[in-house]
Amino acid sequence: MVVMIKVIVAGFKGRMGKTTVQMVNENQDFELAAVYDPRATESNLNEINEYQALDVPVYSELQQIKSAGLDVWVDFTSPASVFANVKFALEQRISPVIGTTGLTDEQVGELQRLAKEKKVGGLIAPNFGISAVLLMQFAQQAAKYLPDVEIIEMHHNNKLDAPSGTALNTAKMIAKVRKEKVQGNPDEKETLPGARGADYQGMKIHSVRLPGYVAHEQVLFGGLGEALTIRQDSFDRISFMSGVAVAISKIKNYDELFVGLEHIL
Ligand SMILES: NC(=O)C1=CN([C@@H]2O[C@H](COP(=O)(O)OP(=O)(O)OC[C@H]3O[C@@H](n4cnc5c(N)ncnc54)[C@H](O)[C@@H]3O)[C@@H](O)[C@H]2O)C=CC1
Ligand SMILES: O=C(O)C1=N[C@H](C(=O)O)C[C@H](O)C1
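Definitions and cut-offs
- Residues numbered from 1 in each chain as written.
- Chains lettered and ligands numbered in written order.
- Predicted model: local features only at pLDDT ≥ 70, side-chain atom pairs only at ≥ 80, totals over all residues.
- Heavy atoms only, no water.
- Near = heavy atom within 4 Å.
- Polar contact = N/O pair within 3.5 Å; in protein donor to acceptor, adjacent residues only side chain to side chain.
- Nonpolar A, V, L, I, M, F, W, Y, C, P; charged D, E, K, R; others polar.
- Axes fitted to C-alpha atoms, helices over the stretch in contact; angles between N-to-C directions.
- Helix = DSSP H or I, 4+ residues; strand = E, 2+ residues; numbered from the N terminus.
- Parallel < 35°, antiparallel > 145°, perpendicular 65-115°, else oblique.
- Contact = heavy atoms within 4.5 Å.
- UniProt positions renumbered as here; feature names shortened; annotations may be inferred.
- Buried < 20%, exposed > 50% of the residue type's maximum accessible area, 1.4 Å probe, protein only.
- Pairing = 2+ DSSP bridges.
- Salt bridge = Lys/Arg side-chain N within 4 Å of Asp/Glu carboxyl O.

The full set close to ligand 1 counts 22 residues, and Met16, Asp37, Arg39, Thr101 and Phe128 are the nearest of them. In this structure, an oxygen atom belonging to ligand 1 sits 2.9 Å away from a main-chain N or O atom of Arg15. In this structure, an oxygen atom belonging to ligand 1 sits 2.9 Å away from a side-chain N or O atom of Lys159. Classifying every residue of the shell around ligand 1 by side-chain character gives eight nonpolar, nine polar and five charged.

For the rest of this paragraph, the subject is the site of ligand 2. Surveying the vicinity of ligand 2 reveals the residues Thr101, Pro126, Asn127, His155, His156, Lys159, Ser164, Gly165, Thr166, Ala215 and Phe240. In the model, an oxygen atom of ligand 2 is placed 2.6 Å from a nitrogen or oxygen of the His155 side chain. Between ligand 2 and Gly165, the relevant distance is 2.8 Å, taken from an oxygen atom to a main-chain nitrogen or oxygen of the residue. A breakdown of the residues in the shell around ligand 2 according to their chemical character gives three nonpolar, seven polar and one charged.

With that out of the way, let us pick up the packing of helix 2 (residues 82-91) against helix 3 (residues 105-118). For any two helices packed against each other, the geometry is given by the interaxial angle and the distance between the axes. Two numbers describe how helix 2 lies on helix 3: the axes approach to 10 Å, and their chain directions differ by 10 degrees. Overall, the two elements helix 2 and helix 3 adopt an arrangement that is roughly parallel. Of the residues in helix 3, those touching helix 2 at Phe83, Val86, Lys87, Leu90 and Glu91 are Gln107, Glu110, Leu111, Leu114, Ala115 and Lys118. Residues belonging to the contact of helix 2 with helix 3 are distributed by class as follows: six nonpolar, one polar and four charged.

This part is about the UniProt feature "active site" (unreviewed entry) in the chain. Within the UniProt annotation, "active site" (unreviewed entry) is assigned to His155 and Lys159. Its place among the elements puts His155 in strand 7 (residues 149-155). On the accessibility criterion, His155 (9% relative accessible area) is buried. Leaving out residues up to four positions away in the same chain, His155 has contacts with Ser164, Val208, Arg209, Leu210, Tyr213, Val214, Ala215 and His216. Within the structure, His155 has its side chain in polar contact with the side chain of Glu153 (distance 2.8 Å). Using a relative accessible area of 19% as the deciding quantity, one classes Lys159 as buried.

Turning our eyes to something else, we now look at the sheet that holds strand 11 (residues 226-234). Pairing is mixed across the open sheet formed by five strands, whose spatial order is 8-9-7-10-11. Of all strands in the sheet, those with a lone pairing partner are strand 8 (198-200) and strand 11, marking the two edges. Strand-to-strand twist of the sheet, defined as the mean angle between neighbouring strand axes without regard to direction, takes the value 20 degrees. Strand direction decides the pairing type here: strand 7 and strand 10 (residues 215-223), joined by seven bridges, are antiparallel. Considered in strand 10, the bridge of His155 is made with Ala215. Running over the sheet, helix 4 (residues 130-143) touches strand 10 and strand 11 and is turned about 165 degrees from strand 11. Along the sheet face, helix 5 (residues 165-175) touches strand 7, strand 8, strand 9 (203-209) and strand 10 and points at about 165 degrees away from the line of strand 9.

We now examine the pattern of salt bridges. As enumerated under the stated definition, the model contains ten salt bridges in all. Here Arg209 makes a salt bridge to Glu153, at a shortest N to O gap of 2.7 Å. Of this pair, Arg209 sits in strand 9 while Glu153 sits in strand 7, and the two are 56 residues apart along the sequence. Take Arg209: its relative accessible area is 24%, and that puts it in the partly exposed class. Lys159 serves as the salt-bridge partner of Asp161, at 2.8 Å between the closest nitrogen and oxygen. Overlapping salt bridges, with partners in common, bring together Glu150, Glu188 and Arg196 in one network.

Below, the structure is given as structure tokens:
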């Protein structure tokens, strides 16, 4: 008998949540066991036109969630809610697969301790797209030789957090191999505040928000008489789905909380 992985999708009314519901529903190894979103007014997905054929409980409050039997918690919610959600999931021994950005280093540390204590596998992936995972790895490699780097991330204009989780994670990965240094002219002055962007250990991060964009990142390196630009583009949210599916399939095999899809690929 094939045992399906029972998945709850948190944030199912949002852009990523909708795409995830469709992917989980179409994957023969997964069972869409529940969905959660405080914006929900329904009690079953079959009350929504596009999901008429599905019999799936809908929750609008964390404490209502009947967690027994759930295997994996996929979270695409908001920076303000992700910590409480993941804590709840770990306490119920549901493996979290987290795409939501905006967790602080302290929060990630606390969740990693809890996952270890509960012996529950989980993943926080700043980006589930393979092009973004590769971009971060290539950028880390390049920074060993070209330590002067700036990051430009470009997203749709509904995004809540800046810089993006991917840009911040790119900077963190680069910082592991790059000697901290001040870039640009040490005497430079911003005549318009913010002109030089955000600063992560001397690396500048610039956030663009425009309609029409989905999710894009460029990492620019400058050397003596040369430059390197690495770029990735997510033109459609489908780009994140194979990464989410891999994470759902594998995450129960672990007993710790990883940061970065590359750890389970
Ligand atoms: N890691 C990755 O590959 C990706 C990550 N993201 C991240 O996913 C998050 C969601 O992005 P979008 O879908 O574009 O946002 P969205 O705003 O379209 O959707 C968020 C949904 O979460 C719901 N929500 C708010 N509080 C909640 C709570 N406490 N519990 C459950 N649901 C709650 C909202 O009502 C909304 O329906 C963002 O942090 C974004 O940066 C987005 C794309 C890819
Ligand atoms: O909000 C988004 O859309 C995205 N968020 C993630 C991030 O902050 O890096 C991943 C991807 O860039 C899309």
